[in-house]
Amino acid sequence: MSDGTRKSPIAEYPDVWVQFKASGYPFSLTRTLDKSKDALETMRIVLSYVIAWNMTDIEGRVIELPVNGARGPEILDNVDEALTTWVIKAFYENRAEIIKAKNSLPPSPSTS
């Protein structure tokens, strides 16, 4: 299983990467994402699972990931839309990888 780091596949942004939490994805997250009405709401959810990144805006300036406080989608206002779309896609791919890895583990020994 990976450490949750995804590297940008976009040629213009070869140094951009994002790292997602390695665990802590409750079943309720599926419902929350399904109820998400738009990209802003989805991005708000995705950003809550980001633990580190190297993100730049369209002018090449590094965007610091807030450690404490609000991580609203507005921190990405000046980021190339291709990157913001990729972040959401990378989140879903990371989540799917975690689920697949957990489902491929051998069963736990009986505790009865």
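Structural notes, computed from the coordinates. (Residues numbered from 1 in each chain as written. Predicted model: local features only at pLDDT ≥ 70, side-chain atom pairs only at ≥ 80, totals over all residues. Heavy atoms only, no water.)

**Observations regarding the pairing of strand 3 (residues 50-56)**
How we decide: By definition, two strands form a pair when at least two bridges between them are found by DSSP. By the criteria applied, helices consist of DSSP H or I runs no shorter than four residues and strands consist of E runs no shorter than two, each listed in order from the N terminus.
In this sheet, strand 3 lies alongside strand 2 (residues 17-20) in antiparallel orientation, the contact comprising 4 bridges. Bridging from a neighbouring strand, W17 pairs with N54 of strand 3. As paired strands, strand 3 and strand 4 (residues 62-63) are joined by 2 bridges and run antiparallel to one another. Among the inter-strand pairings, M55 is bridged to a residue of strand 4, identified as I63. Linking strand 3 back to strand 4 in an antiparallel pair, the connection comprises 5 residues, with G60 at a positive phi of about 85°.

**Some thoughts on the side chain of T84**
Test applied: Working definition: with a 1.4 Å probe on protein chains only, accessible area under 20% of the residue-type maximum means buried, over 50% means exposed, and in between means partly exposed. Contacts are assigned to residue pairs that have any heavy atoms within 4.5 Å of one another.
By the secondary structure assignment, T84 is in helix 3 (residues 81-103). T84 gets classed as buried once you look at its relative accessible area, which sits at 16%. T84 has contacts with M43, L76 and V79, leaving out every residue within four places of it along the chain.

**Digging into the nonpolar core**
We apply this condition: In these notes, a set of buried Ala, Val, Leu, Ile, Met, Phe, Trp, Tyr and Cys residues joined through side-chain atoms within 4.5 Å is what counts as a nonpolar core.
By size, the foremost hydrophobic cluster in this structure holds 27 residues, and its most contacted members are F20, W53, M55, L83, W86 and F91. When residues of this core are traced back to their parent elements, those giving at least two are strand 2, helix 1 (28-35), helix 2 (39-47), strand 3 and helix 3. For this core, the element with the highest residue contribution is helix 3, accounting for 7 residues. Residues within four places of M55 in sequence aside, it is in contact with V16, R61, V62, I63, L76, V79, L83 and V87.

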